[in-house]
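So the chains spell out like this:
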Amino acid sequence: MIDFPPGFAALSVAVVGLCVGSFLNVCIYRVPLKRSVVHPGSACPGCGRALAWYDNLPVFSYLALRGRCRGCRAPISARYPIIEALTAGIFLWHLAVFDLTPLFFVRVAFASALIVLFAIDLEHQILPDRITLPGIVIGFACSFFLPPGPIASLTGLLAGGGLLWGIAEAWYRLRKVEAMGFGDVKMLAMIGAVLGIRAVILTFVLSSMLGGLVGVVLIATRRADLATKVPFGTMLAAAALVASLYGEAIVTWYLAKL
Ligand SMILES: [Zn+2]
């Protein structure tokens, strides 16, 4: 066993989080365009200038360049440093909850998928199959070795997908409008596969409460009306993150109160 100096794990996880955040930015930009996330390298969308490594450092390059392209001075979206810093923060949060256990690695990969889905749903109102479908398969595969275990994972997958599918179908028959896309169905199935049956139900409850709260705030501040659709995938992502970190604790607390 190697004794790391204090803070070494946190520093390493923060640096890895920044770099992963940089890759998530590429996914957020390219997956909706159905482009490869590995090839070609990053370039300025304004002038096409390929980014050198020193223009591609997470957060630091954005600050050094004061948010503008080195070639054409076109503004760089603040989304880039925000996603990078957010990813590093979420990785550190997982370290505090899980320590450097095998579950830590599964859950930061899950959180990374949630960050990408959140940002894409917010901007495009889609939840790409390229993320949710592999997430279902990988989540179920990992459950054979780690919590929640294969039975909880399989029931979570079916309950998560089935629940939203049932609501979407019932709403469609009732109102003849689509309440949600099948992207939401596949996303909740993915969450169920990774977190299991108990946490997927918690995720659904939390996301509905959060969606209601955000809706009320938007309507009260006149930024939306009753017909405005709040992208439900963003609520699912936020709720699933909480359920991933504290789901077991919340469910155990709630059941003890019954
Ligand atoms: Zn440029």
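Everything in this summary refers to the structure shown in the same document. Computed from a prediction, not measured in an experiment: that's the story for all the values here.

Counting 50 residues, the largest nonpolar core has Phe110, Leu114, Met187 and Ile191 as the members making the most contacts within it. Elements that contribute at least two residues to this core include exactly α1 (8-30), α3 (79-98), α4 (102-124), α5 (129-142), α6 (150-175), α7 (182-195), α8 (197-220) and α9 (232-257). Of the residues forming this core, the biggest block, twelve residues, is contributed by α4. Aside from chain neighbours lying at most four places away, what touches Phe110 is Met190, Ile191, Val194, Leu195, Ala240 and Ser244.

The protein atoms donating to the zinc ion are Cys44 (SG), Cys47 (SG), Cys69 (SG) and Cys72 (SG), with metal-donor distances spanning 2.3 Å. Between the four donor atoms coordinating the zinc ion, the angles at the centre fall across 105 to 112°, so the site counts as tetrahedral. The sequence motif formed by the donor residues of the zinc ion is C-x2-C-x21-C-x2-C. Given the relative accessible area of 39%, Cys47 is considered partly exposed.

Here we come to the pattern of salt bridges. According to the stated counting rule, one finds six salt bridges in the structure shown. Residue Asp55 is joined to Arg70 by a salt bridge in which the shortest nitrogen-to-oxygen separation is 2.7 Å. In this pair, Asp55 sits in the loop between α1 and α2 (60-64) while Arg70 sits in the loop between α2 and α3, placing the two residues 15 residues apart along the sequence. The exposure class of Asp55 is buried, given its relative accessible area of 8%. Of the residues examined, Arg70 reaches a relative accessible area of 40% and is grouped as partly exposed. Between Glu248 and Arg198 there is a salt bridge, and its shortest N-O distance comes to 3.3 Å.

The linkage connecting His39 with the following residue, Pro40, adopts the cis geometry, with an omega of -5°. Pro148 follows Pro147 through a cis peptide bond whose omega is 10°. With respect to the helices and strands, Pro148 occurs in the loop between α5 and α6. Of note, the phi angle at Val59 is positive, near 60°, even though the residue is not glycine. With respect to the helices and strands, the residue Val59 is situated in the loop between α1 and α2.

On the secondary structure map, Phe204 appears in helix α8. Discounting chain neighbours no more than four positions away, the residues touching Phe204 are Leu163, Leu164, Ile167, Leu188 and Phe232.

On to α9. For α9, with 26 residues, the first-to-last C-alpha span of 29 Å runs short of the 38 Å given by 1.5 Å per residue. Within α9, the axis deviates most sharply at Tyr246, by approximately 80°.

It is worth spelling out the side chain of Thr234 at this point. Within the secondary structure layout, Thr234 lies in helix α9. Setting aside residues up to four positions removed in sequence, Thr234 forms contacts with Phe118, Asp121 and Leu122.

So, on to the packing of aromatic side chains. Under the counting rule described, the total for this entry stands at four aromatic pairs. Centroid distance Trp53 to Tyr54: 5.6 Å. Interplanar angle 80°. Geometry classified as edge-to-face. With a relative accessible area of 65%, Trp53 lands in the exposed category. The exposure class of Tyr54 is partly exposed, given its relative accessible area of 42%.

Moving on, we get to a nonpolar patch on the surface. The grouping of Trp53, Tyr54, Leu57 and Phe60 at the surface amounts to a nonpolar patch, some 500 Å² of accessible area in total. Position of Leu57 among the secondary structure elements: in the loop between α1 and α2.

Each pair of packed helices can be summarised by the angle the axes make with each other and by the distance between the axes. The N-to-C vectors of α1 and α4 enclose an angle of 35°; their axes lie 10 Å apart at closest approach. Where α1 crosses over α4, the two elements pack in a sense that is right-handed. Only Phe104, Ser112, Ile115, Val116, Ala119 and Ile120 of α4 make contact with α1, whose side of the interface consists of Val13, Val20, Leu24, Cys27 and Ile28.

What counts as what
- Residues numbered from 1 in each chain as written.
- Predicted model: local features only at pLDDT ≥ 70, side-chain atom pairs only at ≥ 80, totals over all residues.
- Heavy atoms only, no water.
- Core = buried A, V, L, I, M, F, W, Y, C linked by side-chain atoms within 4.5 Å.
- Buried < 20%, exposed > 50% of the residue type's maximum accessible area, 1.4 Å probe, protein only.
- Helix = DSSP H or I, 4+ residues; strand = E, 2+ residues; numbered from the N terminus.
- Contact = heavy atoms within 4.5 Å.
- Donors = N, O, S within 2.8 Å, 3.2 Å for Na, K, Ca; no water.
- Tetrahedral: all angles 85-135°; square planar, octahedral: opposite > 155°, others 65-115°.
- Salt bridge = Lys/Arg side-chain N within 4 Å of Asp/Glu carboxyl O.
- Expected span 1.5 Å × (residues − 1).
- Bend = angle between axes of the 7 residues up to and from the residue.
- Phe/Tyr/Trp six-rings, centres within 6.5 Å; stacked < 30°, edge-to-face > 60°.
- Patch = residues over 30% accessible without salt bridge, like charges linked within 9 Å, V, L, I, M, F, W, Y side chains within 5 Å.
- Areas by Shrake-Rupley, 256 points an atom, 1.4 Å probe, with all protein chains shown as cover.
- Axes fitted to C-alpha atoms, helices over the stretch in contact; angles between N-to-C directions.
- Left-handed = near helix turned anticlockwise from the far one by under 90°.

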